[in-house]
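Chain by chain, the residues run as shown.
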Amino acid sequence: MSPSSARALWLRPPNESFVAEERLGPPAPGALTVCTRYTAVSRGTETLVYTGRVPASEYARMRAPFQAGELPGPVKHGYANVGVVEAGPEDWLGRHIFCLYPHQTRFHIDPASAVLLPDDVPPERAVLAANMETAVNALWDAGLGIGDRVTVIGAGVIGGLIAGLAVGTPGVDVELVDIDERKRALADALDVAFRAPEHATRERDIVIHASATEAGLATAIGLAGFEATVLEMSWYGEQPVTVPLGGPFHSKRLTLRSSQVGAVSPGRRPRRDHGSRLALAVSLLNDARFDALIAPDVAFETLPDVMARLADPDDATLCQRIRYD
């Protein structure tokens, strides 16, 4: 393929996608030209975009950082890209970087929007960086402290990363809760206790909900202790959700709080920006436990079929990594 051209995945909601040729103009002075090695598909945001379940009110707020096109029409979406710098400033040449770019074989990007991978973070694992950034922000929002009793509901990528980070805090007791018994293997890999909802410990200090289901949110509220925080990570798109605010919700004085990666957590915002938060997330991937979240590679050209598979609620894939040959 010519250095002035590329191929990219476009989503055409609802439930269609295609790979198209892209023309690359000349890079801006000082820009990086990146050859993609790996990307990953977000089972949450990208499948909501693909299936056409983004509310019209959220079209602008749902833009990926380097999205092309506008919803509800076709969009070039995605934000988990690991590549090699093939042209640009000398100190970047040949280095692996992570950036929030869509699924595209080659592209230009400003160095300020890229993070160099540390030597101890393999490129294959770095596709988790965007999700890890969400997990970092969640734990900042939750106010995790030494000795806290924490339950994470939903053993997907976000839930797994949150649980894996939380268990490293001194004295913290972590349970990962899911209705799918197959997720026990993931919990074991993360050194976290696994529980089915009916066996989960109650009276928890922090409960983090990441299952994107009404039942999961109800379980989260039920497990929280007196004056505890329930942190809602799930984004439901157009799906209406019933929240059980009867029963002990008020007598326990519970706090139900949202968390979303689009803004840095208020407690860190005076000292952290998006770039430093992303760099932190990348550095935290020097942990081989998180390989358990990544499914075997599929080839870039198969992405339209892959998107259709991942949109199926019965598909058990966690992080689907895409290989660029």
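Residues numbered from 1 in each chain as written. Predicted model: local features only at pLDDT ≥ 70, side-chain atom pairs only at ≥ 80, totals over all residues. Heavy atoms only, no water.

Thoughts on the overall build of the protein
Thinking step 1. On a plain count of helices and strands, the protein comes out with seven helices and 15 strands.
Thinking step 2. Its C-alpha radius of gyration of 20 Å places the protein within 12% of the 20 Å reference for a compact globule of 325 residues.
Thinking step 3. Each principal axis of the C-alpha atoms in the protein carries an extent, and together these give about 65 × 40 × 35 Å.
Thinking step 4. When the 325 residues of the protein are sorted by exposure, 51% land in the buried category. (Helix = DSSP H or I, 4+ residues; strand = E, 2+ residues; numbered from the N terminus. Rg over C-alpha atoms; globule rule 2.2 N^0.38 Å. Buried < 20%, exposed > 50% of the residue type's maximum accessible area, 1.4 Å probe, protein only.)

Some points on a nonpolar patch on the surface
Thinking step 1. A surface patch of nonpolar side chains, about 200 Å² in accessible area, is lined by Val243, Leu245 and Leu256.
Thinking step 2. As for its placement among the helices and strands, Val243 is situated in the loop between β12 (224-232) and β13 (255-258). (Patch = residues over 30% accessible without salt bridge, like charges linked within 9 Å, V, L, I, M, F, W, Y side chains within 5 Å. Areas by Shrake-Rupley, 256 points an atom, 1.4 Å probe, with all protein chains shown as cover. Salt bridge = Lys/Arg side-chain N within 4 Å of Asp/Glu carboxyl O.)

Describing helix α7 (residues 303-310)
Helical geometry: 3.6 residues make up each α-helical turn, so side chains three or four residues apart lie on a common side.
Thinking step 1. Buried residues of α7: Leu303, Val306, Met307 and Leu310, and no others. Looking straight down α7, one finds that the buried residues subtend no more than 100° of arc, so they occupy a single side.
Thinking step 2. Looking at the buried residues of α7, the elements they touch are β1 (5-12), β2 (16-23), β3 (32-41), α1 (45-50), β14 (294-299) and β15 (319-323). (Arc of directions from axis to C-beta. Contact = heavy atoms within 4.5 Å.)

Section: the sheet that holds strand β8 (residues 149-153)
Thinking step 1. As summarised here, the arrangement of the six strands in space is β10-β9-β8-β11-β12-β13, forming an open sheet in which the pairing is parallel. The sheet terminates laterally at β10 (193-195) and β13, the two strands that pair on one side only. Sheet twist, expressed as the mean angle between neighbouring strand axes with direction ignored, is 20°.
Thinking step 2. Across the sheet, helix α3 (residues 157-166) is in contact with β8, β9 (173-177) and β11 (204-209); its angle to β9 comes to roughly 165°. (Pairing = 2+ DSSP bridges. Axes fitted to C-alpha atoms, helices over the stretch in contact; angles between N-to-C directions.)

Let's talk about unusual backbone geometry
Thinking step 1. Here the bond from Pro13 into Pro14 is cis, since omega is -5°, no more than 30 degrees from zero.
Thinking step 2. Structurally, Pro14 can be placed in the loop between β1 and β2.
Thinking step 3. With an omega of 10°, the peptide bond between Leu71 and Pro72 qualifies as cis.
Thinking step 4. Looking at where Pro72 falls in the secondary structure, it is placed in the loop between α1 and β4 (81-87).
Thinking step 5. The phi torsion at Arg253 lies on the positive side, around 55°, for a residue other than glycine.
Thinking step 6. Here Arg253 lies in the loop between β12 and β13.

Let's talk about helix α6 (residues 274-283)
Thinking step 1. Residues Arg277, Leu278, Ala281 and Val282 constitute the buried set of α6. Down the axis of α6, the smallest arc covering the buried residues is 140°, so these residues share one side.
Thinking step 2. For α6, the elements touching its buried residues are β5 (96-99), β7 (114-116) and α2 (129-142).
Thinking step 3. In this structure Asp273 caps α6, since a side-chain oxygen of it lies 3.2 Å from the backbone nitrogen of Gly275. (Polar contact = N/O pair within 3.5 Å; in protein donor to acceptor, adjacent residues only side chain to side chain.)

Remarks on the nonpolar core
Thinking step 1. Residues Phe98, Leu128, Met132, Ile162, Ile208 and Phe290 are the most contacted members of the largest nonpolar core, which totals 55 residues.
Thinking step 2. Of all elements in the fold, only β3, α2, β8, α3, β9, α4 (184-189), β11 and α6 reach the threshold of two or more residues within this core.
Thinking step 3. A total of nine residues in this core trace back to one element, the largest contributor, which is α2.
Thinking step 4. Not counting residues within four places of it along the chain, the set of residues in contact with Ile208 comprises Leu139, Ala142, Thr151, Val152, Ile153, Ile162, Leu231 and Met233.
Thinking step 5. With 18 residues, the next largest nonpolar core counts Leu9, Leu48, Tyr50 and Met62 among its residues. (Core = buried A, V, L, I, M, F, W, Y, C linked by side-chain atoms within 4.5 Å.)

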